[in-house]
Amino acid sequence: MSGASDRAEASGPPNWILHHPAYQQMKDLEVADSAQVHAAFLVYMDLTEVRQWKEVSCVKSPELQLVLLEAKEKEGGPVQSVLPLPVHRSLNHRSIRHVLDRGFPMLLCAVASDSTLVYQRMTDGLVTPDPPAGSFQDMGRRQHRKRRQKQH
């Protein structure tokens, strides 16, 4: 082996993330928070490679100094804004309002230090939850509690 290849192996493999075209594009947006850029890249990879979302792109929010993702869950579906945030970064109503005012449905994605991703759909105002699917039956928990109290 040559001395150059020995040195390359000793220093370890190159960090492929730094050379990925999507990561380079996010870096070109010149967002100061490198942890948020890294979080945006992890979410980008999840949306494109795991969830198979379509037309995933990154945009800069100048007001928030963040990388936002825009994507479609399905071909022909509506564009959604995705706000990737490291879990240590705080979030306020103003930030959420800026993203919602873009006019697209919004997903907040919390990115943990171990690369765990948690998505939460954000809405403009309160939304009534969907009714339970299938038949729903009360399991009589109150009666069981009453019986237990009588036994004591």
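A short tour of the structure in this document, coming up. The shown structure was predicted, so the numbers you read here are calculated from the model rather than taken from an experiment. (Residues numbered from 1 in each chain as written. Predicted model: local features only at pLDDT ≥ 70, side-chain atom pairs only at ≥ 80, totals over all residues. Heavy atoms only, no water.)

If you tally the helices and strands in the chain, you get 6 helices and 5 strands. Counted from the first residue to the last, the chain has its helices and strands arranged as α-α-α-α-β-β-β-α-β-β-α. Taken across its 152 residues, the chain has 31% of its residues classed as buried. Partitioning the contacts of the chain with sequence separation of at least 6, the portion at a separation of at least 24 is 49%. (Helix = DSSP H or I, 4+ residues; strand = E, 2+ residues; numbered from the N terminus. Buried < 20%, exposed > 50% of the residue type's maximum accessible area, 1.4 Å probe, protein only. Contact = heavy atoms within 4.5 Å.)

All right, on to the environment of Ser81 then. Looking at the element boundaries, Ser81 is found in strand β3 (residues 79-86). Expressed as a C-alpha distance, the spacing of Ser81 and Leu107, which sit 26 residues apart in the sequence, is 6.2 Å. Once residues within four sequence positions are removed from consideration, Ser81 is found in contact with Leu69, Val99, Arg102, Phe104, Pro105, Met106 and Leu107.

A few words on helix α3 (residues 21-28). Within the span of α3, buried status applies to Ala22, Tyr23 and Met26. For α3, the arc enclosing every buried residue in end-on projection is 100 degrees, short of the 170-degree limit, so these residues lie on one face. For α3, the exposed residues set more than 90 degrees away from the buried face come down to Pro21 and Asp28. Turning to α3, the residues buried within the fold contact α2 (16-19), α4 (34-50), β1 (54-61) and β2 (66-72). (Arc of directions from axis to C-beta.)

Here the focus is the side chain of Asp46. Checked against the element boundaries, Asp46 lands in helix α4. Separated by 2.7 Å, the side chains of Asp46 and Arg51 make a polar contact. Excluding anything up to four places from it in sequence, Asp46 contacts Arg51, Leu117 and Tyr119. (Polar contact = N/O pair within 3.5 Å; in protein donor to acceptor, adjacent residues only side chain to side chain.)

Looking now at the nonpolar core. Ranked by internal contacts, the top residues of the largest apolar core, which has 24 residues, are Met26, Leu69 and Val82. Elements with a minimum of two residues in this core: α3, α4, β1, β2 and β4 (106-111). Ranked by residues supplied to this core, first place goes to α4 with 9 residues. Those residues in contact with Leu69, other than ones at most four positions away along the chain, are Met26, Ala40, Val43, Tyr44, Leu47, Ser57, Cys58, Gln80, Ser81, Val82 and Pro84. Leu66, Leu68, Val99 and Met122 belong to the second largest nonpolar core, which has 11 residues in total. (Core = buried A, V, L, I, M, F, W, Y, C linked by side-chain atoms within 4.5 Å.)

Let's shift gears to the environment of Cys58. Considering the arrangement of structural elements, one finds Cys58 in strand β1. On a C-alpha basis, the gap between Cys58 and Ala22 in space is 8.2 Å, while along the polypeptide they are 36 residues apart. Beyond its immediate sequence surroundings of up to four residues, Cys58 is in contact with Gln25, Met26, Leu29, Val67, Leu68 and Leu69.

The next point concerns the packing of aromatic side chains. The relative placement of two aromatic rings is captured by the distance of their centres and the angle of their planes. As enumerated under the stated definition, the model contains 3 aromatic pairs in all. Taking the centre distance of 6.4 Å and the plane angle of 20 degrees together, the rings of Phe41 and Tyr44 count as stacked. Residue Phe41 and its partner Tyr44 are both found in helix α4; the two are separated by 3 residues, about one turn of the helix. Note on accessibility: Phe41 and Tyr44 belong to one class, buried. (Phe/Tyr/Trp six-rings, centres within 6.5 Å; stacked < 30°, edge-to-face > 60°.)

The next point concerns the pattern of salt bridges. Applying the stated criterion to the full structure yields 6 salt bridges. With a closest N to O distance of 2.9 Å, Arg89 and Asp33 form a salt bridge. Of this pair, Arg89 sits in the loop between β3 and α5 (93-100) while Asp33 is found in the loop between α3 and α4, placing the two residues 56 residues apart along the sequence. Note on Arg89: relative accessible area 26%, which makes it partly exposed. (Salt bridge = Lys/Arg side-chain N within 4 Å of Asp/Glu carboxyl O.)

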